[in-house]
Amino acid sequence: MAEWLVEEGFGEERAVLIDKGEIVAARLVWPGRLAAGQVEDAVLASHHQGSRRGTVRFSSGEDALVDRLPRAAQEGAPIRVEITREALRERDRTKLAHARPSASPPRPAPGLVEQLRGEGFEARPVRRFDGSAWEDLWLEAWQGATAFDGGELAFFDTSAMTLIDVDGAGDPRSLALAAVPAIATVLRRFDIGGSIGVDFPTLAAKADRKAVDDALDQALSGWPHERTAMNGFGFVQLVARFARPSLLQRIQRGRTGAAARLALRRAERVEGPGVTLLTVHPALKAKLRPEWLAELERRTGRPTRLAIEPALALEAAAAQIVPHD
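Please read these numbers as outputs of a predicted model, since none were measured by experiment.

A. Broad picture of the overall build of the protein. Along the backbone of the protein there are eight helices and 20 strands. For the protein, long-range pairs separated by at least 24 residues make up 67% of all intrachain contacts whose partners lie at least 6 apart in sequence. Counting every atom, the protein has about 16,200 Å² of accessible surface; 51% of that belongs to carbon and sulfur. For the protein, the distance from the average site of its 44 positive side-chain charges to the average site of its 45 negative ones is 4 Å.

Right, dumping it as structure tokens:
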């Protein structure tokens, strides 16, 4: 069985499943808010009349939607719940976390190693991933595009679904068939769940649409989901279990925070004696928390100095070693 590797970052955990030097699946977690698997005491803030649903409020001030409430539940009463889905930040709003009543003892959300092992996978923590595969994947998610032979997949993160647009040259049937394995690969690499729409080229012939449907069946076997057949406009909808935000959603909905975390990862990876000089865009300065910078110095055994460069792109932070003053 392939083994997941888990790297602890600054304000995040990263996990990758690698086959022949390539990342075939990945996960990205940003701790700090309610997370799936967490059990905590809260207060029933509201009870939707005539239903078993309501809203609970935690001591942190964060709210969650709760389902399966006992009929005797009363507003203002304490209640212990387990988080089943974390909050999802969208461009214009935030969807609350989901929870259900629990009789288990309070516990924090599992870390990625524990989470993956609980799902039956082999997983172990590592100090750092080898090579540049993680950063390559991160940049693909940042740009929202990934290339395949003969074309490109473009990703659009919307409130309703993740949209994948298939673009390229050549005849539509060949392009659609060439895109299928790339789509199957990227769904796992970006950890995409929920509702997913794929916009293939329009295929007028029913036999061509059937060929793409058959290719999707084969490429997505083993990936739990439901899907529609391709319609006359080349559109296919897939629905998979939504357990956590995808890499696309993490990175694209929190670009400045994502870029700050990447900057610190780059700073940790440079080696040698001296001072870590970390050059960043001005917007990243406020996101580089003091405790993260202190942890960077602890891990590297070097002091850190920040340099602000307005002309630098958000994602282009650079780290180098310079002599002590």
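From this point, the narrative continues.
B. The sheet that holds strand S14 (residues 162–168), seen in detail. Read across the open sheet, the six strands follow the order S12-S13-S14-S15-S17-S16; overall the sheet is mixed. Every interior strand has two partners, whereas the edge strands, strand S12 (145–148) and strand S16 (226–227), have only one. Note that strand S15 (residues 194–199) and strand S17 (residues 235–240) share six bridges and pair antiparallel. Each bridged residue has a counterpart across the sheet, and for Asp199 the counterpart in S17 is Phe235. Helix H3 (residues 172–189) rests against S12, strand S13 (151–157), S14 and S15 of the sheet, and its axis sits at about 140° to S14.

C. Expanded view of the pattern of salt bridges. As enumerated under the stated definition, the model contains 23 salt bridges in all. For Arg244, the salt bridge identified is with Asp191, shortest N-O distance 2.7 Å. Taken as a pair, Arg244 in the loop between S17 and helix H5 (247–253) and Asp191 in the loop between H3 and S15 lie far apart in primary sequence, 53 residues in all. Take Arg244: its relative accessible area is 16%, and that puts it in the buried class. Note on Asp191: relative accessible area 12%, which makes it buried.

D. Structural context of the packing of H3 against helix H4 (residues 206–219). Closest axis-to-axis distance for the H3/H4 pair is 10 Å, and the angle between their directions is 25°. With respect to their mutual orientation, H3 and H4 come out roughly parallel. Crossing geometry of H3 relative to H4 is assigned as right-handed. Every residue of H4 that contacts H3 at Arg173, Ala176, Leu177, Val180, Ala184 and Arg188 is listed here: Asp208, Ala211, Val212, Ala215, Leu216 and Ala219. Partitioned by chemical class, the residues of the contact of H3 with H4 number nine nonpolar, no polar and three charged.

E. Inspection of the pairing of strand S7 (residues 78–85) at higher detail. Inspection of the sheet shows strand S4 (residues 39–47) paired to S7 by five bridges, in the antiparallel sense. Paired with Ala42 across the strands is Ile79, a residue of S7. Judged from the four bridges that link them, S7 and strand S10 (residues 97–101) form a sheet pairing that is antiparallel. Looking across to S10, one finds that Arg85 is bridged to His98.

F. Region of the structure containing the packing of aromatic side chains. Tallied over the full model, the rule gives four aromatic pairs. For the ring pair Trp138 and Trp142, a centre distance of 5.0 Å and an interplane angle of 15° mean the geometry is stacked. Note that Trp138 and Trp142 are positioned in helix H2 (residues 133–143) at a spacing of four residues, about one turn of the helix. Like Trp142, Trp138 is buried. Note on Phe155 and Phe190: the rings are 5.3 Å apart at their centroids and 70° apart in plane angle, and the pair reads as edge-to-face. Residue Phe155 is located in strand S13, and its partner Phe190 is located in the loop between H3 and S15; the two are separated by 35 residues in the primary sequence.

G. Highlighting the nonpolar core. With 60 residues, the main nonpolar core has Trp134, Leu153, Val166, Ile183 and Phe200 as its most contacted residues. At nine residues, the largest contribution of residues to this core is made by H3. The contacts of Ile183, once residues within four sequence positions are left out, are Leu153, Ile164, Val166, Val198 and Phe200.

H. Structural view of H4. Along its 14 residues, H4 runs 20 Å from first to last C-alpha, staying within 8% of the 20 Å computed at 1.5 Å per residue. Along H4, the residues that are buried comprise Arg209, Ala211, Val212, Asp213 and Leu216.

The rules behind each value
- Residues numbered from 1 in each chain as written.
- Predicted model: local features only at pLDDT ≥ 70, side-chain atom pairs only at ≥ 80, totals over all residues.
- Heavy atoms only, no water.
- Helix = DSSP H or I, 4+ residues; strand = E, 2+ residues; numbered from the N terminus.
- Contact = heavy atoms within 4.5 Å.
- Areas by Shrake-Rupley, 256 points an atom, 1.4 Å probe, with all protein chains shown as cover.
- Lys, Arg positive; Asp, Glu negative; His and termini not counted.
- Charge placed at Lys NZ, Arg CZ, Asp CG, Glu CD.
- Pairing = 2+ DSSP bridges.
- Axes fitted to C-alpha atoms, helices over the stretch in contact; angles between N-to-C directions.
- Salt bridge = Lys/Arg side-chain N within 4 Å of Asp/Glu carboxyl O.
- Buried < 20%, exposed > 50% of the residue type's maximum accessible area, 1.4 Å probe, protein only.
- Parallel < 35°, antiparallel > 145°, perpendicular 65-115°, else oblique.
- Left-handed = near helix turned anticlockwise from the far one by under 90°.
- Nonpolar A, V, L, I, M, F, W, Y, C, P; charged D, E, K, R; others polar.
- Phe/Tyr/Trp six-rings, centres within 6.5 Å; stacked < 30°, edge-to-face > 60°.
- Core = buried A, V, L, I, M, F, W, Y, C linked by side-chain atoms within 4.5 Å.
- Expected span 1.5 Å × (residues − 1).

Fair warning: the whole summary comes from geometry, so function is off the table for now.
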